[in-house]
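Topology and contacts: notes
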Amino acid sequence: MINYKEKLHDIRAFVFDFDGVMTDGSVWTYADGETVRFGNIKDGYAIQYAVKKGYIIALISGATSKSIDNRMAALGVEQCYTGCANKMDTYRQFLKDNNLDESQVVCMGDDIPDYEIMSHCAVAACPADAATEIKEISHYISLYGGGHGCVRDIIEQVLRLQGNWFDPNKKHHDALHW
């Protein structure tokens with residue numbers, strides 16, 4: 001069996017779920033129906049840094065919220081697919097639109113709706129607190145839970161391995177400005 005780290009050399013894109021991956025899965029609902037989710041600033045930093053380095057980042061989520069769209073836009077994520085009833089159809093279109101092969105994609109999900117797309121990528125990753133079925137198909141289980149650094153964990157692994165993570169020896173510290 002091949003070690004998942006060997007597959008990281010060919011990664012060009014990341015696909016993430018939102019609730020349970022970029023958040024801890026908690027959703028606060030106000031009386032007016034508005035929902036609020038809490039994310040991790042370090043996950044956000046890694047996302048925008050990967051975008052600046054030329055990686056393709058996509059969000060494929062069943063959830064629908066203007067706050068999700070706004071957060072992804074603020075991080076430079078242009079491919080934000082929310083309200084997805086069939087994530088696999090969206091994923092196939094994403095691959096086609098970006099001229100990607102499954103072998104170039106990391107998918108990170110946390111629950112049953114993510115199962116199918118995670119079965120069709122180079123590296124399936126999940127947070128430490130993912131559903132059992134998702135852990136069983138994952139090549140990598142982060143030490144961090146959803147909303148607590150799992151997104152940064154997998155992005156940083158790929159970028160470090162490919163020599164694209166922050167280098168303190170470079171004169172221009174583009175990683176410090178966002």
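What counts and how
- Residues numbered from 1 in each chain as written.
- Predicted model: local features only at pLDDT ≥ 70, side-chain atom pairs only at ≥ 80, totals over all residues.
- Heavy atoms only, no water.
- Helix = DSSP H or I, 4+ residues; strand = E, 2+ residues; numbered from the N terminus.
- Rg over C-alpha atoms; globule rule 2.2 N^0.38 Å.
- Buried < 20%, exposed > 50% of the residue type's maximum accessible area, 1.4 Å probe, protein only.
- Areas by Shrake-Rupley, 256 points an atom, 1.4 Å probe, with all protein chains shown as cover.
- Lys, Arg positive; Asp, Glu negative; His and termini not counted.
- Charge placed at Lys NZ, Arg CZ, Asp CG, Glu CD.
- Salt bridge = Lys/Arg side-chain N within 4 Å of Asp/Glu carboxyl O.
- 1 Å grid on protein atoms, 1.4 Å probe; cavity = no way out; pocket = protein on both sides within 12 Å on 5 of 7 lines; lining within 4 Å.
- Points joined across faces, edges and corners; volume = space filled by probe spheres on them.
- Nonpolar A, V, L, I, M, F, W, Y, C, P; charged D, E, K, R; others polar.
- Arc of directions from axis to C-beta.
- Contact = heavy atoms within 4.5 Å.
- Polar contact = N/O pair within 3.5 Å; in protein donor to acceptor, adjacent residues only side chain to side chain.
- Patch = residues over 30% accessible without salt bridge, like charges linked within 9 Å, V, L, I, M, F, W, Y side chains within 5 Å.

Moving on, we come to the overall build of the protein. On a plain count of helices and strands, the protein comes out with 7 helices and 8 strands. Since a compact globule built from 178 residues should have a radius of gyration of about 16 Å, the 16 Å found for the protein is in line with a globular shape. Dimensions of the protein, computed from C-alpha atoms along their principal axes, come out at roughly 50 × 40 × 30 Å. Counting all 178 residues of the protein, 48% fall into the buried class. Total accessible area computed for the protein in this model is approximately 9200 Å², and 49% of it derives from carbon and sulfur atoms. Distance between charge centres in the protein, computed from 17 positive and 25 negative side chains, equals 9 Å.

This part covers the pattern of salt bridges. Within this structure, the stated rule accounts for 6 salt bridges. Ionic pairing is found between Lys-87 and Asp-17, a salt bridge with its closest N-O pair at 3.1 Å. Taken as a pair, Lys-87 in helix 4 (residues 87–97) and Asp-17 in the loop between strand 1 (13–16) and strand 2 (28–29) lie far apart in primary sequence, 70 residues in all. Of the residues examined, Lys-87 reaches a relative accessible area of 8% and is grouped as buried. The exposure class of Asp-17 is buried, given its relative accessible area of 7%. Lys-87 is paired through a salt bridge with Asp-114; the nearest N and O atoms lie 2.5 Å apart. Of this pair, Lys-87 sits in helix 4 while Asp-114 sits in the loop between strand 6 (105–108) and helix 5 (115–118), placing them 27 residues apart in sequence.

Looking now at the layout of surface pockets. Within this model, the largest pocket holds a volume of roughly 170 Å³. Phe-18, Met-22, Phe-38, Gly-39 and Arg-71 are the residues nearest the centre of the largest pocket, which is lined by 16 residues in total. Sorting the residues of the lining of the largest pocket by element identifies helix 2 (41–52) and helix 3 (66–74) as the ones contributing at least two each. No other element matches the 4 residues that helix 3 contributes to the lining of the largest pocket. In terms of residue class, the lining of the largest pocket is made up of 8 nonpolar, 5 polar and 3 charged.

A positive phi angle, close to 50°, is found at Asn-99, a residue other than glycine. Tracing the backbone shows Asn-99 in the loop between helix 4 and strand 6.

Those residues of helix 4 that fall on the buried side of the exposure criterion are Lys-87, Met-88, Thr-90, Tyr-91, Phe-94 and Leu-95. The buried side chains of helix 4 occupy one side of the element, clustering within an arc of 160° when seen end-on. Facing away from the buried surface of helix 4 by more than 90 degrees, the exposed residues are Lys-96 and Asp-97. Elements in contact with the buried residues of helix 4: strand 1, strand 4 (56–60), strand 5 (79–81), strand 6 and helix 5. For helix 4, the side-chain oxygen to backbone nitrogen distance between the N-cap and Met-88 is 3.0 Å, and the N-cap itself is Asn-86.

Where nonpolar side chains cluster on the molecular surface, the patch consists of Trp-28, Tyr-30 and Phe-38 and spans about 350 Å² of accessible area. Among the secondary structure elements, Tyr-30 is positioned in the loop between strand 2 and strand 3 (35–36). A relative accessible area of 42% places Tyr-30 in the partly exposed class.

The subject of this paragraph is the side chain of Ser-138. Residue placement: Ser-138 occurs in the loop between helix 6 (132–137) and strand 8 (140–141). Here Ser-138 falls in the buried class, since its relative accessible area comes to 14%. Polar side-chain contacts of Ser-138 include one of 2.8 Å to the backbone oxygen of Ile-134. Excluding anything up to four places from it in sequence, Ser-138 contacts Met-118, Ala-124, Ala-125 and Cys-126.

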